[in-house]
Structure formats: C-alpha cells, structure tokens
Amino acid sequence: MIRVDKFTFIVILILITGITKIFSQKKMIDDELLKKVVSVLPHERQYNWQKNEFTAFIHFGVNTFSEREWGTGLEDPKIFNPANLNTDQWCEAIKSAGMKMIVFTAKHHDGFCLWQTRYTKHSVSSSEWKNGNGDVLKELSKSCKKYGLKLGVYLSPADLYQIESPEGLYGNKSQYSLRTIPRKIAGREFEDKRTFQFNVDDYNEYFLNQLFELLTEYGPIDEVWFDGAHPKRKGNQQYAYHDWFKLIRKLAPEAVIFGKGPDVRWCGNEAGSTRKSEWSVIPIEGKRENWVWNDMVEDDLGSLNKIKNVMGNGGFLHWYPAETNTSIRHGWFWRDENQYVKTTNEILDIWFRSVGGNSVFLLNIPPNSDGLISERDVKVLQEVGQKITETFENNLSVDAKIKASSYKSQKYKPKNILDQNLDKCWMPKEDDKSPNVEISLSEKQKFNVIALQEQIQNYSQRISEFKIEAQINNKWKTIAQGTTVGYKKICRIPIVTSQKLKLTILDSRLSPTINNFALYYEERTLDAPVIKRSKDGFVEIHSQSNGEIKFTTDGTEPNKNSKTYSQKFSFKKSGIIKAILFNDNLQSEVATKNFDISKNKWKILDASGAKETAKNLIDEDENTNWFSNDVKKFISIDLGEELLIKGFTYTPNKKNLEGTIEKYEFYASDNGKDWKSIKQASFDNIRNNPVKQFIHFENEISATFIKLISLKEINNNDFISASEIGILTQ
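Throughout, a residue's number is its position along its own chain's written sequence, starting from 1. Reporting of local features is limited, given that this is a predicted model, to residues whose pLDDT is at least 70; pairs of side-chain atoms are given and counted only at 80 or more, and all residues count toward the totals for whole chains, interfaces and linings. Side-chain metrics in this entry use all non-hydrogen atoms of the structure; hydrogen atoms and water are not considered.

## A few points about helix H7 (residues 202-217)
Its 16 residues place the ends of H7 23 Å apart at the C-alpha level, agreeing with the 22 Å of an ideal helix rising 1.5 Å per residue. Relative accessibility decides the category of a residue: with a 1.4 Å probe and only protein chains considered, values under 20% of the type maximum give buried, values over 50% give exposed, and everything between is partly exposed. Strands are runs of DSSP state E lasting at least two residues, helices are runs of H or I lasting at least four, and both sets are numbered from the N terminus onward. Along H7, 13 of the 16 residues are buried, which leaves the element largely enclosed by surrounding structure. Given a helix with a known number of residues, its expected span is that number minus one, times 1.5 Å.

## What to know about the domain arrangement of the protein chain
The start and end points of each domain follow an automatic or database-based domain assignment. Partitioning the protein chain into domains gives domain 1 (47-158 + 218-275 + 322-392), domain 2 (426-518), domain 3 (530-595) and domain 4 (603-728). Taken over C-alpha atoms, the centre of domain 2 sits 50 Å from the centre of domain 4.

## Details of the sheet that holds strand S7 (residues 256-259)
Spatially, the 8 strands line up as an open sheet ordered S7-S6-S3-S2-S1-S12-S11-S8, and their pairing is parallel. Across the chains shown, the open sheet's two edge strands, defined by having one partner strand only, are S7 and strand S8 (265-266). As paired elements, strand S1 (residues 54-58) and strand S2 (residues 101-107) share 3 bridges and run parallel to each other. Looking at the pairing, Ala56 lines up with Ile102 of S2. Two residues qualify as a contact provided that any one of their heavy atoms is within 4.5 Å of a heavy atom in the partner residue. Lines fitted to the C-alpha atoms define the axes, with helices restricted to the stretch that makes contact. Angles between their N-to-C directions range from 0 to 180 degrees. Along the sheet face, helix H5 (residues 136-147) touches S2 and strand S3 (150-155) and points at about 155 degrees away from the line of S3. Lying on the sheet, helix H10 (residues 344-355) is in contact with S1, strand S11 (322-327) and strand S12 (359-364); it crosses S12 at an angle near 150 degrees. When DSSP finds two or more bridges between two strands, those strands count as paired.

## Focus on the state of the cysteines
The disulfide criterion is simple: two cysteine sulfur atoms within 2.5 Å. On inspection of all chains with the given rule, the structure shows 0 disulfides. Counting only cysteine sulfurs, Cys144 is the nearest neighbor of Cys113, a cysteine outside any disulfide, at a range of 19 Å. Here Cys144 is not cross-linked by a disulfide; its sulfur's nearest cysteine counterpart is in Cys91, at 4.1 Å. A residue is classified by how much of its surface remains accessible, and Cys144, at 2% relative accessible area, is buried.

## Quick look at unusual backbone geometry
Residues Ile181 and Pro182 are joined by a peptide bond in cis, for which omega reads 0 degrees. On the secondary structure map, Pro182 appears in the loop between strand S4 (177-181) and strand S5 (196-200). A cis amide bond links Gly219 to the next residue, Pro220, at an omega of 5 degrees. Position of Pro220 among the secondary structure elements: in the loop between H7 and strand S6 (223-226). Phi at Lys173 takes a positive value of approximately 60 degrees, unusual for a residue other than glycine. Position of Lys173 relative to the elements: it lies in the loop between helix H6 (160-164) and S4. For Lys173, a relative accessible area of 63% corresponds to the exposed category. The phi torsion at Asn716 lies on the positive side, around 60 degrees, for a residue other than glycine.

## Topic: the confidence of the model for the protein chain
Low-pLDDT stretches of the model should not have their predicted coordinates read in fine detail. Here the protein chain averages 94 in pLDDT, while 96% of its residues score no lower than 70. Low confidence marks residues 21-26, where pLDDT is under 50. Its contacts with residues over four positions away, or in another chain, come to 0 contacts. A residue's pLDDT is simply how confident the predictor is in it, with values from 0 to 100.

## Digging into the environment of Ile514
Position of Ile514 among the secondary structure elements: in the loop between strand S17 (489-508) and strand S18 (516-520). Note: C-alpha distance between Ile514 and Val485 (29 residues apart in sequence) is 9.2 Å. Aside from chain neighbours lying at most four places away, what touches Ile514 is Ile417, Cys425, Trp426, Gln453, Ile463 and Leu503.

## A closer look at the side chain of Glu469
Assignment of secondary structure puts Glu469 in strand S15 (residues 463-472). In this structure Glu469 touches Trp476, Lys477, Thr478, Ile479, Lys500, Leu501, Lys502 and Thr504, once residues within four positions along its chain are discounted.

## Comments concerning the pattern of salt bridges
What counts as a salt bridge is simple: a side-chain nitrogen of Lys or Arg found within 4 Å of a carboxyl oxygen of Asp or Glu. Tallied over the full model, the rule gives 39 salt bridges. Close ionic contact of Arg194 with Asp192 constitutes a salt bridge, the shortest N to O distance being 2.8 Å. Under the relative-accessibility criterion, Arg194 is labelled partly exposed at 38%. Among the charged side chains, a salt-bridge network with shared partners connects Arg179, Arg183, Asp202 and Glu205.

## Quick look at empty space enclosed by the protein
In this analysis the probe radius is 1.4 Å and the grid spacing 1 Å, with only protein atoms considered; a cavity is a set of points the probe fits into but cannot get out of, a pocket is an open set with protein on both sides within 12 Å along at least five of seven lines, and lining residues have an atom within 4 Å of a point. Grid points are joined across faces, edges and corners, and a volume is the space filled by probe spheres set on the points. On inspection of all chains with the given rule, the structure shows 3 cavities of 30 Å³ or more. Together, 15 residues line the largest cavity, and His59, Asp227, Glu270, Trp332 and Asn685 are the ones closest to its centre. Each residue is assigned to one of three groups, with Ala, Val, Leu, Ile, Met, Phe, Trp, Tyr, Cys and Pro labelled nonpolar, Asp, Glu, Lys and Arg labelled charged, and all others, Gly among them, labelled polar. For the lining of the largest cavity, the class distribution of residues is 7 nonpolar, 5 polar and 3 charged.

## Description of the nonpolar core
What is meant by a nonpolar core is a set of buried Ala, Val, Leu, Ile, Met, Phe, Trp, Tyr and Cys residues, joined one to another through side-chain atoms within 4.5 Å. Counting residues in hydrophobic clusters, the biggest one holds 93 residues, and the most contacted among them are Phe104, Val136, Leu211 and Trp244. The greatest single-element share of this core, amounting to 8 residues, is contributed by H7. Residue-level mapping places this core at the junction of two domains, with at least three residues from each of domain 1 (47-158 + 218-275 + 322-392) and domain 2 (426-518). Aside from chain neighbours lying at most four places away, what touches Val136 is Phe60, Phe80, Leu85, Thr87, Trp90, Phe104, Leu114, Val124 and Trp129. Counting residues in each nonpolar core, the second largest holds 30 residues, with Trp602, Ala607, Ile635 and Leu708 among its members.

## A few points about the packing of aromatic side chains
Two measures describe an aromatic ring pair: the distance that separates the ring centres and the angle between the ring planes. For Phe, Tyr and Trp, where Trp contributes only its six-membered ring, two rings pair if their centres lie within 6.5 Å, and the inter-plane angle classes them as stacked under 30 degrees, edge-to-face over 60, or tilted in between. According to the stated counting rule, one finds 45 aromatic pairs in the structure shown. An angle of 15 degrees between the planes, with centres 5.0 Å apart, marks the rings of Phe551 and Phe569 as stacked. Here Phe551, found in strand S21 (residues 548-552), pairs with Phe569, found in strand S23 (residues 569-570); they are 18 residues apart in sequence, far enough to count as distant. Note on Phe551: relative accessible area 7%, which makes it buried.

## Comments concerning the packing of H7 against helix H8 (residues 241-251)
Angle between the axes and distance between the axes: these two values describe a pair of packed helices. Put simply, H7 and H8 touch, their axes get as near as 10 Å, and they point 20 degrees apart. In this view, H7 runs roughly parallel relative to H8, as classed from their interaxial angle. Between H7 and H8 the crossing geometry is right-handed. Only Asp243, Trp244, Leu247, Ile248 and Leu251 of H8 make contact with H7, whose side of the interface consists of Asn204, Phe207, Leu208, Leu211, Phe212, Leu215 and Thr216. Residues that form the contact of H7 with H8 fall into these classes: 9 nonpolar, 2 polar and 1 charged. Between 65 and 115 degrees an angle is taken as roughly perpendicular, under 35 as roughly parallel, over 145 as roughly antiparallel, and anywhere else as oblique. We call a crossing left-handed when the near helix sits turned anticlockwise from the far one by less than a right angle, and right-handed when that turn is clockwise.

## Concerning the side chain of Thr483
Within the fold, Thr483 resides in the loop between strand S16 (475-482) and S17. There is a polar contact of 2.9 Å between the side chain of Thr483 and the backbone oxygen of Lys276. Any pair of nitrogen or oxygen atoms within 3.5 Å is treated as a polar contact; in protein, a donor-acceptor pairing is required on top of that, and neighbouring residues in sequence qualify only through side-chain atoms on both sides. Among the polar contacts listed, one links the side chain of Thr483 to the side chain of Ser277, at a separation of 2.8 Å. Ignoring anything within four residues of it in the chain, the contact list for Thr483 reads Lys276, Ser277, Ile463, Ser464, Glu465 and Phe466.

## Brief notes about H5
In a regular helix each residue adds 1.5 Å, so 12 residues correspond to 16 Å; H5 covers 16 Å between its end C-alpha atoms and thus fits that length. Along H5, the residues classified as buried are Val136, Leu137, Leu140, Ser141, Ser143 and Cys144. Taken around the axis of H5, the buried residues stretch over an arc of 165 degrees, which confines them to a single face. Looking at H5, the residues exposed on the side facing more than 90 degrees away from the buried face are Lys142, Lys145 and Lys146. Looking at where H5 begins, the residue whose side-chain oxygen comes 3.2 Å from the main-chain nitrogen of Leu137 is Asp135. Directly beyond the C-terminal end of H5, a positive phi value near 70 degrees is found at Gly148. What the arc measures is the spread of directions leading from the helix axis to the C-beta atoms.

Quick look at the structure:
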C-alpha cells in the first residue's frame with residue numbers, strides 16, 4: 001500500500017477540486033452555447049421557402065441569341081427576338097417536374113431588361129420582339145398564376161450596359177444625396193403610390209427604382225436573387241445593399257433574399273455538389289447591423305468548433321439555409337442543340353443530395369432562341385417529375401407501430417414522427433444518452449429510400465449524427481448513417497426487406513427532434529452506357545449495369561433493332577453517337593456523345609511547364625492534366641493537317657480549380673512559326689462553373705497549328721493547369 005502524508009493529500013485534494021471546477025465551468029459554458037445555438041430559428045419566410053424543395057431558374061436574354069454565358073453590355077437590343085415565346089409552355093414543363101417556383105433573370109450582367117422598365121431603353125422596348133411592346137416578365141407572371149407557381153426575380157447588381165454606355169450610371173462617381181424612390185416618369189404612373197427616401201448615388205437609385213417596378217407590378221414575388229459575379233467593375237461603384245433590403249422588406253415582406261442577402265445562401269458551387277454536413281445555423285464573424293453577406297464556400301460552416309471559434313471572436317449566430325443551384329445544360333444560357341443536357345438520373349442524383357441534404361434545389365432550364373424550352377429538356381423534366389411522384393406517393397411506414405427509448409412528455413410522443421404533421425415531433429428526455437425509436441411495420445416491406453425530418457420551425461437544427469438499423473434474420477444491421485438532418489435528410493440505400501427498423505441519434509445539440517420518418521421504394525433504372533473515344537479515334541461503350549448495349553453513329557435514337565456493341569470501333573470523324581442498354585423488359589436512358597474530329601493526328605509542338613504532361617491535353621482523358629508555372633504559360637499543337645476551325649474548347653482541371661485559366665489568347669498558324677492572334681477574351685463564369693468551355697470565333701479560320709496562351713489565372717496564381725484542349729469544326 002502507498003502511504004500519502006497529510007500535506008500531499010491536501011495538495012491532491014485541492015488539484016482534484018480545481019480540475020472538477022474547471023470541467024464544471026466548461027460544461028456550463030458549452031451548455032449555454034448549445035442553448036444559444038438551438039434558439040436560432042428560421043423566419044416564417046425562410047421556412048416557407050424551404051418547403052418549396054425544388055425550384056426552377058430561367059436564364060433568358062440577349063445571351064440566348066449571342067451564344068455567350070456573360071454578355072458585354074454592347075449588344076444591340078434588336079438581337080432579342082424570340083419568334084414563338086410561350087411562358088405557358090415553360091410553366092407546364094416546370095410544373096411537370098414537381099417544381100414550386102420560377103426565379104427569372106429579369107436583368108443579367110449585360111444589363112438588358114426583360115420587362116418594360118421606365119428607367120432605361122436597353123430593354124425589350126428597344127427590341128424587334130412584338131415591335132418593342134413585349135414584356136417577358138409580365139407574360140411569365142400571368143403564366144405562373146395560371147399554373148400555381150411562385151415567382152422570383154433575379155436582378156443583377158453588375159450591369160455592363162451601365163458601365164459601357166457613355167451616359168451609364170454605374171461607377172459615374174455621382175454624389176450621394178437623398179433620393180425619392182420611385183423616381184417619377186411622365187406618362188408612366190405607378191398604381192402603388194408609396195414612396196421611400198434613401199441617401200444613395202445614381203446607380204443605386206437606378207437599382208432601387210427597378211426593384212420598385214419588379215416588386216409592385218409583377219408580384220407577388222417570393223424570392224429576390226442577387227448574384228455575386230462581376231465580369232467588370234468601374235469607378236469603385238458600391239452597392240447600397242442595406243437600402244435594397246429595406247425596400248424589399250417593405251414591398252415584398254414574404255420574399256426571401258438570396259445570395260448577397262440575409263435569408264438564403266449560395267451552396268458554394270454551380271455544379272450541384274453538396275456538403276456531407278449542411279448546417280442552417282451559421283456563425284457569422286462580424287456585427288449583424290453592418291454585415292455584408294459574402295459567399296460562403298468552405299466545407300465546414302456550422303460545426304460546434306466553428307461556432308465556438310467565431311463566437312469567441314465576437315460573432316453572431318444566424319439562420320442561413322443553403323440553395324443548391326446548377327443548370328440542366330452545360331451553361332446557364334441556351335446555346336444550341338449540341339449543348340449537353342443532363343440525363344434524368346443525373347438530375348435525380350442532385351435532387352436526392354440537395355433536397356435530401358437540407359437545401360433547396362434550384363435547377364436552371366434555359367429557353368431557346370425561339371422562346372421555348374427545348375424538347376430534350378422537357379423530356380428530362382417530365383421524367384424527373386414522374387420518378388419523384390412514383391417514388392414518394394406511397395409511404396410504407398404509415399401504419400407502423402413505434403416505441404422510443406424515452407420521450408420528454410405527452411406532447412413529444414414517438415407516434416408524432418409517423419402522423420405526417422410536421423408541427424408535432426418526438427423529443428427524448430434530456431438525460432437519454434442513446435435516444436432511439438423502433439418502428440415495427442405491419443408486415444415485411446421492401447424499401448431503398450428513407451426520409452427523416454427535424455422540427456426546425458420551433459426547435460432549430462440539432463442532430464449532428466445518426467444511424468438507421470434494420471432487423472434482418474433477427475439481428476440488427478446498420479443500413480444507413482449520416483450527419484446532419486435539418487429540414488430533410490433522404491438516404492438512398494440498396495434494397496432492404498425488413499419489418500423492424502431502429503433510428504438512433506448518436507449526437508445532437510441538446511435533445512433532438514424528429515417530426516417525420518418515412519420509407520419508400522424507388523424503382524431504379526439501368527445505368528446509361530458511357531461513351532468514350534481515345535486519342536487514336538477508337539470508341540468504347542460500357543455500362544455499370546448488365547445487359548445488351550445498342551448504338552447508332554448517325555445521331556438517330558437507338559432501339560432493340562440497332563447495332564449491338566461488342567468491341568471498340570474506329571470513329572475518327574465528327575458526329576453523334578447514341579447508345580442504350582437493354583435487359584429483359586428494362587432499358588436505360590439514351591446516352592449521347594457529340595464528337596468533333598479525332599485527335600489521332602495531333603502532336604504537341606511546344607509547351608511551357610512540365611512538358612512530359614503536355615500530352616495530357618490531347619489524350620481525350622479528362623482525368624489527366626497539364627501543369628505549367630513558367631513565366632509565359634502556353635501550349636501549341638500540331639493538328640497534323642489543315643483544318644477549317646470555328647472555335648476551340650478548354651476543359652479545366654476537374655480535381656483542383658487552382659490553376660484554371662480565366663483570361664486567354666488563342667493563335668493559329670499555317671507553319672508553326674508565324675502566328676496570328678484569333679481571339680483574346682475571358683472564359684465567362686469559369687470560376688463558379690468550371691465545365692468544358694466552348695469558344696466560338698466570329699469567322700471560320702484555316703489552320704494547321706494552334707496555340708493557347710494564359711493571360712490570367714482565376715486567383716492570380718503563378719501557375720496554370722488544364723485537362724483538355726479541343727477544336728470546333730462543326
């Protein structure tokens with residue numbers, strides 16, 4: 001036995017008491033912080049927005065006719081002339097997908113306005129469409145009411161017309177003074193007689209005037225969308241965001257403000273990617289009264305560690321849910337019918353990850369130059385809507401019985417999670433160390449989709465880890481697990497057949513809540529074939545699913561009578577290959593690949609940087625990359641023959657956006673020595689939408705050699721990288 005003298009004993013006792021007190025104080029601090037965190041609730045407008053789940057973006061304007069992602073502000077309004085514009089057709093297609101709202105680009109960065117604004121002639125009033133009397137937004141507003149869709153407006157803070165025009169208001173260095181909104185225009189009186197005063201400059205007055213028009217003459221408006229992108233700036237122009245917000249709150253109090261506003265944040269990318277953990281309670285490092293709502297792109301936005309660090313620096317907590325946006329096509333605006341359209345399964349995958357990942361899915365569907373949503377896009381929307389309806393129309397857990405490890409009171413009984421009343425919920429006792437519920441179905445069921453929801457409207461977002469088990473052969477087996485739940489979490493899993501399930505909350509911020517638990521069966525289709533062509537011009541087609549692949553090489557739709565794929569084949573010309581997979585009575589979606597001329601004759605002429613990786617730019621493999629950190633960054637290619645070229649393509653590094661070229665110069669040559677500059681420009685919006693870039697020349701050129709020089713990297717890094725370079729001959 002170890003003997004301890006009286007003095008040592010007292011010292012040890014004091015140390016233990018001190019340590020215990022420290023831990024007790026730390027627990028009190030943590031408990032107080034957790035109480036603060038779960039006291040942050042969504043505003044009613046935010047909760048109503050979240051319930052939309054799936055909404056539509058419409059990008060339409062002069063870019064639709066100029067084949068650009070970002071306009072210049074110098075476009076002639078006369079190019080806008082959609083011969084068959086039909087907003088009823090838009091709404092019918094969007095409604096078929098199960099979407100609840102349309103957000104419309106009333107004014108994009110080019111500054112062209114798609115409504116009869118009083119404050120500029122750079123609008124539909126100066127176009128040839130309907131002799132200048134048309135109003136796209138008015139037609140869309142009527143169609144939305146007809147089809148029961150909500151309406152939102154996108155009004156770009158950036159305005160290239162107001163920058164480039166000699167009389168433009170953007171950055172004109174005008175003085176701030178007290179201005180009355182709206183400014184009166186003779187012969188164009190407002191029915192809404194309210195006026196407001198703001199201390200602003202010329203451009204902010206212009207912007208407020210246009211907001212007044214949109215919010216009073218085309219409503220009700222349920223979302224106002226502010227983009228953070230800026231193709232160009234001038235005169236140190238500042239935006240009076242807080243004045244904009246005040247006007248919106250007065251004129252459209254139920255509308256959420258997206259992006260550069262306090263209600264809804266951007267998910268951080270334009271590819272439809274989602275976070276593993278999507279928190280809606282976000283710590284903001286600053287002061288609420290003067291905070292500028294910047295884009296938040298980090299992976300960790302709301303963990304407890306993040307909250308502790310930010311709150312320790314004097315920050316504040318804010319309910320700030322995410323909106324996940326992407327386009328059905330490669331590009332925000334319609335370009336042509338060679339443009340890639342995402343498949344039904346691709347859209348469904350994003351839908352499950354976004355709607356089922358505590359965000360709202362905003363899918364862009366750009367109308368074509370006729371003013372219609374193209375048939376391919378409509379078909380995908382219809383199939384997406386049909387699949388969602390078929391999957392979620394039958395909740396397999398409706399008649400189940402349920403028991404819980406505990407519940408706080410009669411108000412929080414476990415049966416609340418099965419009654420489909422989202423205002424009621426189950427909440428376990430505070431001292432329940434392993435809160436769980438067991439669900440017993442009336443009979444064994446086959447399912448592969450599980451949906452969970454928290455009661456966020458009254459109790460905030462609390463769950464940070466959970467697992468779901470099924471009883472299989474009298475043993476509990478984990479079939480799904482995850483982190484955050486929030487408004488909704490949807491788990492897509494392999495098919496399970498069971499009668500008993502258990503949901504266990506492994507970690508939460510104080511007592512967790514669940515207001516909905518549901519099981520569904522999704523009828524999954526065969527995986528569409530993947531079509532690839534190698535540098536030597538040979539095409540291979542494969543699928544993850546078993547079956548027989550049928551294909552065509554003339555752009556026609558394949559069927560059971562089409563040629564059967566058995567081995568790779570030579571296809572060195574340009575053209576469209578389509579393929580489909582059959583297995584008994586099942587069939588996949590049709591896969592489409594539009595190829596330009598093969599690179600089998602191409603060779604690297606010269607390159608900066610790592611020359612051994614330069615060949616990766618022409619190997620037809622988007623998973624390999626070229627890297628250069630030389631002072632002059634370029635690549636030159638010998639095409640092996642003289643070709644008529646209409647443009648070129650650039651595919652950025654998919655693994656790392658650092659090194660992506662933003663500004664470039666493209667050259668052509670007949671002999672590889674004497675070079676002619678063909679085009680100098682920037683890749684529009686490549687920072688936020690880093691997909692394959694299609695650059696079209698004003699005039700077709702003849703060349704045997706091409707060269708691409710990087711003039712600027714997106715983050716001003718001293719290195720660049722790229723995946724593929726190609727040319728357009730069609």
